[in-house]
Amino acid sequence: MQRQIFDDYESPSSAAADLVLETVSQNPGAVLCFATGNTPVGTYRLLIEKAHARQADFSQCFCFGLDEWVGVPPEKSGTCHQILHEQLFKPLGVRGTQVHLFDGMTDDISAECRRMNEMIRQKGGIDLMLVGIGLNGHIGFNEPGCSPELEAHDQELHESTLASGQHYFNEPTPIAKGLTLGLAQVRAARTVLLLANGAGKASIIQKALEGPVTPEVPASHLQQHKGALVMMDKAAAAQLT
């Protein structure tokens, strides 16, 4: 695992955008996986600006979504489906046939997870996965205590995740569970880029990067990933030794 520390939020966002562009430039058919949340918003904005300026071609790549809320219609503002399409896929010109996202409205969660696993296998695995880190150390919806051997699965969400999740919706929205790629798929990605910013993430970043590797801090498993890269601002890195 490598670490890069930057002065401010904009700098790692720019560097992360460059990494995505470099990945697609070197491998036009790259398989990418994207998270939602507050942290990658700057990366996606700069990725779009840089892609347009450089006339980058995303027409051959394939994109997965990291997770999704269970029981929320995909078109509702605040879903991972809606955010990724509006913030990223549409501005980049990524077609629907190039995207595979979880269906949070499925009536067969096990089958939906099997479909996701099989699609990843068909595509030959994930080349670059961009993730954030929750205040409790989660990646995607892999909450503390989650087995590192799981592939796509549904997950009961912790109170902190549910509370932060409400901020993405424009009205109170019942949420309790999520669908997520598992830590086995995070660990199998050729490159995992974790973004973190702000003083609020300093404590969990220290635990994830310098504490023991444990299911209680899911992001700590990235310590054992040779292709993991953590980009953070000084505020998020403030407690690292």
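As a reminder, the structure under discussion sits directly above these lines.
Small disclaimer: the values here were computed from a predicted structure and weren't measured. (Residues numbered from 1 in each chain as written. Predicted model: local features only at pLDDT ≥ 70, side-chain atom pairs only at ≥ 80, totals over all residues. Heavy atoms only, no water.)

Here the structure, examined in full by the defined rule, presents 13 salt bridges. Between arginine 45 and glutamate 10 there is a salt bridge, with the nearest N and O atoms lying 3.0 Å from each other. Note that arginine 45 is positioned in helix H2 (residues 41-54) and glutamate 10 in helix H1 (residues 10-26), a separation of 35 residues in sequence. The shortest N-O distance in the salt bridge between glutamate 118 and arginine 121 comes to 3.6 Å. Placement of both glutamate 118 and arginine 121 in helix H4 (residues 109-122) is noted, with a separation of three residues, approximately one turn of the helix. Judged by relative accessible area, which is 36%, glutamate 118 ranks as partly exposed. A relative accessible area of 49% means that arginine 121 is categorised as partly exposed. Within this structure, Asp18, Lys50 and Arg54 form a network of salt bridges that share partners. (Salt bridge = Lys/Arg side-chain N within 4 Å of Asp/Glu carboxyl O. Helix = DSSP H or I, 4+ residues; strand = E, 2+ residues; numbered from the N terminus. Buried < 20%, exposed > 50% of the residue type's maximum accessible area, 1.4 Å probe, protein only.)

Positionally, glutamate 143 belongs in the loop between strand E6 (128-131) and strand E7 (153-156). Buried charge glutamate 143 goes without a salt bridge, the closest partner of opposite sign being lysine 201 at 12 Å. A polar side-chain atom of glutamate 143 sits 3.0 Å from a polar atom in the side chain of histidine 138. Setting aside residues no more than four positions away along its own chain, glutamate 143 makes contact with Asn136, His138, Gln155, Glu156, Leu157, His158, Thr161, Pro215 and Pro218. (Lys, Arg positive; Asp, Glu negative; His and termini not counted. Polar contact = N/O pair within 3.5 Å; in protein donor to acceptor, adjacent residues only side chain to side chain. Contact = heavy atoms within 4.5 Å.)

Right, let's get into the packing of aromatic side chains. If you walk through the whole model with that rule in mind, you get five aromatic pairs. Relative to tyrosine 44, the ring of phenylalanine 34 has its centre 5.8 Å away and its plane inclined at 85 degrees; by these criteria the two rings are edge-to-face. Here the residue phenylalanine 34 occupies a position in strand E2 (residues 31-34), and tyrosine 44 occupies one in helix H2, the gap between them amounting to 10 residues. An aromatic cluster of at least three residues, connected via ring pairs, comprises Phe34, Tyr44 and Phe89. (Phe/Tyr/Trp six-rings, centres within 6.5 Å; stacked < 30°, edge-to-face > 60°.)

Attention now moves to the packing of H1 against H2. How two helices pack is summed up by the angle between their axes together with the distance between the axes. Taken N-terminus to C-terminus, the directions of H1 and H2 make an angle of 50 degrees; their axes are 8 Å apart at the nearest point. Classified by the angle their axes make, H1 and H2 are oblique. In this structure, H1 crosses over H2, and the sense of that crossing is right-handed. On H2, the residues that touch Glu10, Ser13, Ser14, Ala16, Ala17, Asp18, Val20 and Leu21 of H1 are Gly42, Thr43, Arg45, Leu46, Leu47, Lys50, Ala51 and Arg54. Split by residue class, the contact of H1 with H2 holds seven nonpolar, four polar and five charged. (Axes fitted to C-alpha atoms, helices over the stretch in contact; angles between N-to-C directions. Parallel < 35°, antiparallel > 145°, perpendicular 65-115°, else oblique. Left-handed = near helix turned anticlockwise from the far one by under 90°. Nonpolar A, V, L, I, M, F, W, Y, C, P; charged D, E, K, R; others polar.)

For the rest of this paragraph, the subject is the pairing of E2. Of the two faces of E2, the one holding Val31 and Cys33 and the one holding Leu32 and Phe34 are both buried throughout. Sheet topology places E2 next to strand E3 (residues 62-65); four bridges connect them, and they run parallel. Following the sheet pairing, valine 31 is matched in E3 by phenylalanine 62. Between the parallel pair E2 and E3, the chain is carried across by H2, and the sense of this crossover is right-handed. With three bridges joining them, E2 and E6 adopt parallel strand pairing. By the bridge assignment for E6, leucine 32 is matched with leucine 128. (Pairing = 2+ DSSP bridges. Right-handed = clockwise from strand over helix to strand, strands pointing away.)

Strand order in the open sheet made by the seven strands is E1-E10-E9-E6-E2-E3-E5, with parallel pairing throughout. A single partner strand is all that each edge strand has here, and the edge strands are strand E1 (2-6) and strand E5 (99-100). The strands touched by helix H3 (residues 80-92) within the sheet are E2, E3 and E5, with E2 carrying the most contacts at an inclination of about 135 degrees. Sheet strands in contact with H4 are E3 and E5, and its direction is about 150 degrees off that of E3.

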